[in-house]
Amino acid sequence: HVDTGKTKLLDKIRKSNVQEGEAGGITQQIGATYFPMDNLRKATDKLNSELNLEYKVPGLLVIDTPGHESFSNLRKRGSNLCDIAVLVIDIMHGLEQQTIESINLLRSKRTPFIVALNKIDRLYGWKAFPGSPFRESLAKQDNNVIHEFENRSKQVMTQLMEQSLNASLYYENDDYRRVVSLVPTSAHTGEGIPDLLLLLVQLTQQMMVERLMFSEELEATVIEVKKIEGIGTTIDIVLVNGIITDNDTIVVAGMNGPIVTPIRALLTPQPLKEMRVKGEYVHHKQLKAAMGVKIAATNLEEAIAGTQLFCLREGDDVEELKDTVMEDYEEVMGNVSVTGQGVCVQASTLGSLEALMEFLRESKIPVASVQLGPVHKKDVMRASIMLEHRKEYATILAFDVKITKDALDMAEEVGVKIFSAEIIYHLFDKFTAYLEEIKEQRKAEAASLAVFPSILRIIPENVFMKKNPLVFGVDVIEGILKIGTPIVVPDKMVPDPDDPNKEIMLELGKVVSIQKDHKELETVKAGNAVAVKIQGNQSQSYVQYGRHFDHNNTLYSKLSRESINGLKENFKDDLEKADWMTVIKLKAVFNIV
């Protein structure tokens with residue numbers, strides 16, 4: 001769903017260029033654009049001359065959602081608001097993981113949708129006819145191009161069938177309610193865009209007359225909270241139903257409780273501009289749904305995106321509204337586990353903060369604190385507390401926010417890592433790589449301590465050296481044999497060199513080499529026969545094969561309480577269930593509590 005061309009498609013209809021202004025060309029915030037009917041009429045004239053559709057809708061409000069999977073909650077938010085969705089599929093790639101996610105999301109919300117089969121200009125040999133209806137363009141193509149188009153669109157239909165959706169090309173579709181319509185488009189050349197707009201108008205008029213009837217009751221959702229120079233903190237809302245005027249008092253959810261504040265200004269972008277692109281705004285006295293509206297008011301700094309907005313009208317109970325708006329927030333913040341241990345997260349908007357939190361929760365990375373806005377010195381101080389507990393959590397994940405120079409200098413000084421990126425999933429990649437690095441370091445440090453469990457049987461025909469260093473063939477019966485493992489013979493007791501009155505198990509030394517078919521190995525699992533070289537230290541160098549032990553004795557790796565803890569902490573994933581059973585068996589051999 002990433003890079004299939006959603007924003008590009010919208011840009012083409014708008015003839016603007018949001019796409020280029022995005023980091024990596026990826027939509028990071030939900031943007032809303034209003035298309036007045038006149039513009040739609042112009043765009044679809046050519047096609048409509050045959051259909052003679054009567055335009056009843058006043059226009060379309062299009063909400064652009066981010067494609068990347070970590071934005072699922074931004075997408076959820078977008079699909080909560082919409083009457084009909086356009087799912088963009090790249091004809092060259094077919095369904096991707098996020099496409100399937102989006103389908104399930106639309107299903108769970110029971111949102112009707114049509115598919116824009118984008119990037120038809122990439123078909124080999126495609127001749128472009130900019131802005132023309134799709135079937136006109138297709139008729140002018142060579143046979144091999146038509147053939148490729150048919151094959152690829154059939155592939156997509158098959159993939160949709162796998163998701164148990166019936167689909168067909170929109171002009172062959174007889175049953176709009178049960179069969180998904182595919183509209184072939186190109187965001188580059190604008191081909192197929194008239195078809196897309198006309199179909200949207202047609203479907204919304206036929207299927208949703210009741211839903212689209214205007215009602216007085218206010219229904220609005222906050223999609224972004226943003227500081228705008230010269231205006232202050234504003235909220236972007238999608239007004240789904242009802243009327244809002246510039247002397248209303250609004251109630252929205254805030255970080256530290258509900259916010260009740262009078263509206264200072266109602267702003268909308270120029271028609272066909274997107275809400276998140278900076279530019280001049282138009283002031284209004286009152287606005288009717290459906291619109292993307294920017295509201296300027298005091299105390300909005302802590303307002304939270306993704307929650308509902310209410311207007312305080314006569315006869316409304318303020319306390320009741322306050323409780324209602326906070327319900328959304330409590331649900332969102334259920335994801336912020338403030339356990340005191342974990343990373344610090346900072347983001348520019350609550351939407352992105354939420355997306356980050358969602359990802360970290362899935363990755364089981366705990367979060368100690370969340371902030372909106374730039375990274376300051378105090379944030380570095382807060383993160384540095386973790387240096388004492390878990391070094392890897394002494395990090396700040398900063399998404400799309402500025403980092404002050406003081407903060408950078410201080411982080412350098414105290415050893416706090418700051419990861420910043422403009423694209424959410426680059427941030428994840430950086431942090432995940434850092435976690436891997438620390439895990440490897442820990443493993444290396446713990447390798448000497450952690451002893452892997454293994455039980456070995458000597459192969460009597462393959463004894464090559466009977467004195468230190470011992471070299472012989474063994475069968476690994478259980479567990480994992482690893483270089484550096486200390487080997488003992490539990491059924492042979494010898495005097496303890498440090499205390500002649502005590503007896504200890506016979507220790508042979510450490511495994512310094514493992515070979516199989518003349519190849520050197522680091523580790524070997526149960527069920528293999530290998531040659532091992534065991535090097536004893538000074539007090540173990542007297543041990544001889546045949547004199548102190550032989551092939552009738554089973555060899556074990558020497559475990560201790562510390563080495564078992566080392567395994568649990570750093571190598572949990574490296575051992576399978578059977579290996580842990582061997583650990584339990586060895587605990588009994590060595591009397592480990």
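About the cut-offs
Here the residue index of a chain counts from 1 through its sequence in written order. Predicted model: local features are reported for residues with pLDDT of at least 70 only, side-chain atom pairs are reported and counted for 80 or more only, and whole-chain, interface and lining totals are derived from all residues. By convention in this description, side-chain values take in all heavy atoms of the structure and omit both hydrogens and water. Put simply, DSSP marks the helices as runs of H or I at least four residues long and the strands as runs of E at least two long, and each gets a number from the N terminus on. Burial classes follow relative accessibility: with a 1.4 Å probe on protein chains only, a residue under 20% of its type's maximum area counts as buried, one over 50% as exposed, and anything between as partly exposed. When checking whether two residues touch, look at their non-hydrogen atoms; a contact exists if any pair is within 4.5 Å. Per-residue and other accessible areas were derived by the Shrake-Rupley procedure at a 1.4 Å probe size, with only the shown protein chains allowed to occlude residues. Strand pairing follows a simple DSSP-based rule, namely that at least 2 bridges must link the two strands. To get an axis, fit a line to the C-alpha atoms, keeping to the stretch in contact for a helix; angles then go from 0 to 180 degrees between the N-to-C directions. By definition, the crossover connecting two strands over a helix is right-handed if that path, from the first strand to the second, turns clockwise as seen with the strands pointing away from the viewer.

Engineer: Quick question: what am I supposed to make of the overall build of the protein chain here?
Structural biologist: When you go through the protein chain residue by residue, the secondary structure sums to 16 helices and 27 strands. Sorting the 593 residues of the protein chain into buried and exposed places 51% on the buried side. Residue pairs at least 24 apart in sequence account for 70% of intrachain contacts in the protein chain once pairs closer than 6 positions are excluded. Total accessible area on the protein chain is roughly 28900 Å²; 49% of this is exposed by carbon and sulfur atoms.

Engineer: What exactly am I supposed to notice about the sheet that holds strand 3 (residues 85-90) here?
Structural biologist: Within a beta sheet, neighbouring strands are joined by backbone hydrogen bonds and run either parallel or antiparallel to one another. Pairing in this open sheet of 4 strands is parallel, and the strands run 3-4-6-5 from one edge to the other. Edge positions in the sheet fall to strand 3 and strand 5 (167-169), since each of these pairs with one other strand and no more. Averaged over neighbouring strand pairs, the angle between their axes works out to 30 degrees when direction is ignored. In this sheet, strand 6 (residues 180-184) lies alongside strand 4 (residues 113-118) in parallel orientation, the contact comprising 3 bridges. Within the sheet, the bridge partner assigned to Ala 116 lies in strand 6 and is Val 183.

Engineer: Whenever I open this one, the environment of Ile 235 confuses me. Can you help?
Structural biologist: Assignment of secondary structure puts Ile 235 in strand 8 (residues 232-241). Separated by 66 residues in the primary sequence, Ile 235 and Glu 301 have C-alpha atoms spaced 9.2 Å apart. Setting aside anything within four residues of it in sequence, one finds Ile 235 in contact with Val 222, Glu 224, Val 225, Ile 250, Val 252, Val 293, Lys 294, Ile 295, Leu 300, Ala 303 and Leu 309.

Engineer: For this particular structure, what's the right way to read the pairing of strand 18 (residues 395-399)?
Structural biologist: Where burial is concerned, most of strand 18 is hidden: 5 out of the 5 residues are buried. Here strand 18 shows no split at all, with Thr 395, Leu 397 and Phe 399 on one side and Ile 396 and Ala 398 on the other all buried. Here 4 bridges tie strand 16 (residues 343-347) to strand 18, and the two strands are oriented parallel to one another. Residue pairing across strands places Val 345 opposite Leu 397, the latter belonging to strand 18. Pairing between strand 18 and strand 19 (residues 417-421): 5 bridges, direction parallel. Within strand 19, the residue paired with Phe 399 across the bridge is Ala 421. On the question of chirality, the crossover connecting strand 18 to the parallel strand 19 by way of helix 13 (residues 405-414) is right-handed.

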